[in-house]
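# Commentary on secondary and tertiary structure
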Amino acid sequence: MGDDQTQRTDRYEGFEGTVGRVFATSQPWWPPRPTAPEGAPNIVLMLVDDMGYSDMGCFGSEIPTPHIDATAAEGLRLTNFHVAPLCSPSRASLMTGLNPHAAGMGQVAHIDAGFPGYTGELPRNQPSMAEMFRDAGYATMALGKWHLCKNADLSEAGDKHSWPMQRGFEQYYGFLEALTNFHHPHRMYEGNAVITTDQYPDDYYLTDDLTNRAVQMIREVKTANPNKPFFMYYAHGAVHAPLHAKRADIEAHRDRYAAGWDAIREQRLQRQIAAGIVPDGTTLPPRNSEPGEDVQAWDDLSDDEKMVFARYMECYAAMMTSIDDSLGAIRDELAAIGQLENTIIIVTSDNGASREGRNSGSMAYYRDGGRVAGQTTDITEALERFDEIGGPTNWPHYPRGWAMACNTPFRLYKISTFRGGHSAPMVFSWPRRLSDAGAIRHQYTHISDMLPTLAELAGVDIPTHRNGVAADPLDGVSFVPLLDDPDAEQLHGDQYYECIGHRAYHRGEWHAVTFHEPRTAFSDDRWQLFNSVDDINEIDDLADQHPDKVVELRDAWEQAAWANAVFPLEDGTGISKLYVPDYAMPDTEPCVIRPGTPTIERFRSSRLIAQAAFDIDVALVHRREDQGILVAHGGQESGYVLWIEDGHVGFELNLYGQPERVGLAPFTGHDETTITVHVALTDDGTWNIGVDVDGAEVFRRDNVPRFASSYLPFEGIDIGLDRRSPVSWDLYTRHGAFPYSGTITSVTYTPTEISPATTERRLEELRALGSALE
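Residues numbered from 1 in each chain as written. Predicted model: local features only at pLDDT ≥ 70, side-chain atom pairs only at ≥ 80, totals over all residues. Heavy atoms only, no water.

### Things to note about the sheet that holds strand S14 (residues 495–499)
Defined as follows: The pairing criterion for strands is at least two bridges between them, as found by DSSP. The helix count covers DSSP runs of H or I at least four residues long, the strand count covers runs of E at least two residues long, and both are numbered beginning at the N terminus. Working convention: axes come from line fits to C-alpha atoms, limited for helices to the stretch in contact. Angles between N-to-C directions cover 0 to 180 degrees. Residue contacts are counted whenever heavy atoms from the two residues lie within 4.5 Å of one another.
The four strands are arranged S14-S15-S16-S17 in an open sheet whose pairing can be described as antiparallel. The open sheet terminates on both sides in strands that have one partner only, identified here as S14 and strand S17 (528–531). Between one strand axis and the next, the sheet turns through 15 degrees on average, direction left out of account. Here strand S15 (residues 502–507) runs beside strand S16 (residues 510–513); their pairing, made up of four bridges, is antiparallel. Bridging from a neighbouring strand, His 506 pairs with His 511 of S16. Strands in contact with helix H15 (residues 547–563) are S14, S15, S16 and S17; relative to S15, the strand with the most contacts, it is inclined by about 110 degrees.

Next comes the structure, spelled out in structure tokens:
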């Protein structure tokens, strides 16, 4: 017997049955499989993106949310539930039970600045909630937004260790990034595979698609094994920008917001008081007035501004309608199969309502969401395209006055460490288990508490290791006692907050908080102090009356920051975005794209043009009658497209929804032809763009505006057609994806190399500025 065969004799070791020489004299035995505890509940955890505290009907909203309200009537409303002030940090804390920075997610996932609290991915040693439930015998499925992996890992060649399937979900259907187009999603995944879609149906809407798949997943699991519980994590893309909605849903809210944000805010507060969400006597704080975050009085706006701003909010309300409808479809399915009574349903938000629309809102999120806070946008475009708002030709966002109203009764918004940034509504239902249906709980709870709470309710063990490596102790604690007892002791202790330089610390009845202005010294920040029991919306600053308490909480924050890898702080210089690992640097080598290549992933595509100067060579075999798209990069959010039509070659930019024609010229090429696009960066930051055919320039345009963000275009590069959201809406309405009828031999991108000294010089300038801000 060879050595390899000798080594195989231990295959019977540990076998519990009796093994004879034949089956008839042998006793079979099967190793145990993970099996959930008998009667374990199904779990539907629905996380809404950028939903404000008062946006659900049962939390004071005028938006009808009958299915969410019905869930609340069967369960509880938690009024003092807290999240991180930003999406990825909340999601990481939810999935791991750790504080956000301790989970490596102190910022949004695409920031990978090279520090432990800012890795942009889930910790390799920390089991996720999905892994916990999967290993306990649950079916696990995720839908929608993920946003827990690095930019560099989004492509088919990326390291997938922080993707949904690798972190415990057996099924996944959704998108990995921060946001997407609701009418034409830019990149959808099923499991680990990218879904190839050339063109969406005219009536496609993302939330409906996700909901249909959610219902399908439930049917699949419960048909295959009715006794197997499931854990479903449904992370909506709504109500994050772009504020896309179905036309009928928008029209259902027409004129609902004509009274303006000041009136809506007051109305919501009165409903909250009547419902017991906030104490009797609660008053609204003044309109937000912090530098760069101020809100105008509605009555001071022009009639045109009121009309446009109300329309933006109608789109937002329509997105809330779609979320409620999605929960309704899931509830209907659970009821139809007899599972509603034994299903935990949770509905909450990942942070406060967003102020990214600044003070005037926008038709172009990527153009105006990145502006200096406080700057005004001209509403002329919105007036001219009023009926398009919320449709596929624009990426709208409401003004921050609506975010203020959505966060009633709190101050400020998403990213802030005031309560408007991190107070989230929560509906928690389990009809079979909860006896206090329709009740309210006011104890402090935190998103890190969700994992231990659900583990206790389901009767499953919390893993202490992952892949043989010890996990960190959880920061969250179970809040199961308060589900049964309205007077239960508050179990979650101290809690720090930090987001983009804003800081806060919660201890008992006290909440200390700073508002940090970018590019100012952190030592100049003033710590404000509030009694979080008597003053829930932070109106009465008690810092001068309790200076010792301020020092105590400030010092506690400092200790917690070191313990949770919060440092270094974002100082507003933008330097964190320049700290880039080698594998995420702009490409300098030519990239040859062959025919039949699917859409190149967004980040990889952006690296080819990140130096802002590049050439595109299109080699083709052309007949005179051939036409179609040669190269398209982007969509209605921004992009560029090269095409041939009716004997002409054209090149056009889409500048945030507005077409910018570079040139159109007769095209006489035939047989083997090369068309080249030259893009050069000028000293003033614009582009000079020229197009050659076989080396001869056919048109050129200088000083063309270029995209303001390296995040753009948001859709990747296509050759031979323009998939999904089109760069040119005009071409799309006439030809759809407009596949080229000739033969493209190859498309070659050649980035223009820029000296590393340029980036290093910029880093040194920002380091010098930032060193004075500690």
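### Let's talk about the environment of Asp 49
With respect to the element layout, Asp 49 can be found in the loop between strand S1 (42–48) and helix H2 (66–74). Considered as a pair, Asp 49 and Ala 238 are 189 residues apart in the sequence and their alpha carbons are 5.6 Å apart.

### Examining H15
Note the cut-off: To estimate the expected span of a helix, count its residues, drop one, and scale the result by 1.5 Å. Buried, partly exposed and exposed residues are distinguished by accessible area as a fraction of the type maximum, computed with a 1.4 Å probe on protein chains only: under 20%, between the cut-offs, and over 50%, respectively. What the arc measures is the spread of directions leading from the helix axis to the C-beta atoms.
Taking 1.5 Å per residue as the helical rise, H15 with its 17 residues ought to reach 24 Å, and the 24 Å between its terminal C-alpha atoms agrees with that figure. Every buried residue of H15 is listed here: Val 550, Leu 553, Ala 556, Trp 557, Ala 560 and Ala 561. Along H15, the residues classed as buried sweep out an arc of 140 degrees about the axis, all on the same side. For H15, exposure combined with an orientation more than 90 degrees from the buried face picks out Asp 548, Gln 559, Trp 562 and Ala 563. Where H15 is buried, its residues touch S14, S15, S16 and S17.

### A look at the packing of aromatic side chains
We count it as follows: Two aromatic rings from Phe, Tyr or Trp, using only the six-membered ring of Trp, form a pair when their centres are within 6.5 Å; if the ring planes differ by under 30 degrees the pair is stacked, by over 60 it is edge-to-face, and anything between is tilted. Throughout this description, the term charge over a ring refers to an Arg CZ or Lys NZ atom that lies within 6 Å of the ring centre and within 35 degrees of the ring normal.
Tallied over the full model, the rule gives 32 aromatic pairs. Taking the centre distance of 4.9 Å and the plane angle of 40 degrees together, the rings of Trp 729 and Tyr 732 count as tilted. One end of the pair, Trp 729, and the other, Tyr 732, are both in helix H17 (residues 729–735), three residues apart, so they sit about a helical turn from each other. Take Trp 729: its relative accessible area is 26%, and that puts it in the partly exposed class. Given a relative accessible area of 10%, Tyr 732 falls into the buried group. Ring-pair connections join several aromatic residues into one group, and the members of that group are Phe 133, Tyr 138, Trp 146, Phe 169, Phe 231 and Tyr 233. Just above the ring of Trp 163 sits the side chain of Lys 160; from NZ or CZ to the centre is 5.0 Å. Positioned over the ring face of Trp 557 is Arg 503, at 5.4 Å from the centre of the ring.

### Digging into unusual backbone geometry
In this structure, the amide linkage connecting Ala 241 to the following residue, Pro 242, adopts the cis form with an omega of 0 degrees. For Pro 242, the location among the structural elements is in the loop between strand S7 (230–235) and helix H6 (247–252). Residue Pro 409 is bonded to the preceding Thr 408 through a cis peptide linkage, with omega at 10 degrees. Structurally, Pro 409 can be placed in the loop between helix H11 (400–406) and helix H12 (419–422).

### Let's talk about the side chain of Glu 637
Keep this limit in mind: Here Asp and Glu are counted as negative and Lys and Arg as positive; His is not counted, and neither are the chain ends. Only one rule defines a salt bridge in this text: a Lys or Arg side-chain nitrogen within 4 Å of an Asp or Glu carboxyl oxygen.
Tracing the sequence through the fold places Glu 637 in the loop between strand S20 (628–635) and strand S21 (638–645). For the buried Glu 637, no salt bridge exists, and the shortest N-O distance to an oppositely charged side chain is 8.8 Å, to Arg 602.

### Quick word on the sheet that holds strand S22 (residues 648–655)
Read across the sheet, five strands follow the order S23-S22-S21-S20-S27 without closing on themselves; strand pairing throughout is antiparallel. Looking at strand neighbours, the two that pair on one side only are strand S23 (658–666) and strand S27 (717–719), the edges of this open sheet. This sheet shows a mean twist of 10 degrees between the axes of neighbouring strands, independent of strand direction. Across three bridges, the pairing between S20 and S27 is antiparallel. Bridging across to S27, Val 631 finds its partner in Ile 719.

### Points about the nonpolar core
Here is a general trend for soluble globular proteins: nonpolar side chains tend to be buried in one another's company. The test is simple: By nonpolar core is meant a set of buried Ala, Val, Leu, Ile, Met, Phe, Trp, Tyr and Cys residues that side-chain atoms within 4.5 Å join together.
Counting 89 residues, the largest nonpolar core has Met 232, Tyr 398 and Trp 402 as its most contacted members. Looking at which element gives the most residues to this core, the answer is helix H8 (residues 303–336), with 15 residues. Discounting residues that sit within four places of it in the chain, Met 232 has contacts with Ile 43, Val 44, Leu 45, Met 141, Leu 143, Ala 214, Met 217, Ile 218 and Ile 330. Counting 57 residues, the second-largest nonpolar core is a separate cluster that includes Ala 36, Leu 78, Phe 428 and Leu 434.

### Focus: the pattern of salt bridges
Taken as a whole, this structure holds 51 salt bridges when the rule is applied. The salt bridge involving Arg 268 is made with Asp 55; its shortest N-O contact spans 2.8 Å. With Arg 268 in helix H7 (residues 261–275) and Asp 55 in the loop between S1 and H2, this pair connects stretches of sequence that are 213 residues apart. Like Arg 268, the residue Asp 55 is buried in the burial classification. A salt bridge links Arg 507 to Glu 552; the nearest nitrogen and oxygen atoms lie 2.7 Å apart. In this pair, Arg 507 is assigned in strand S15 and Glu 552 in helix H15, connecting sequence segments 45 residues apart. A cluster of three or more residues bridged by salt bridges with shared partners is formed by Asp 198, Glu 715, Asp 718, Arg 723 and Arg 724.

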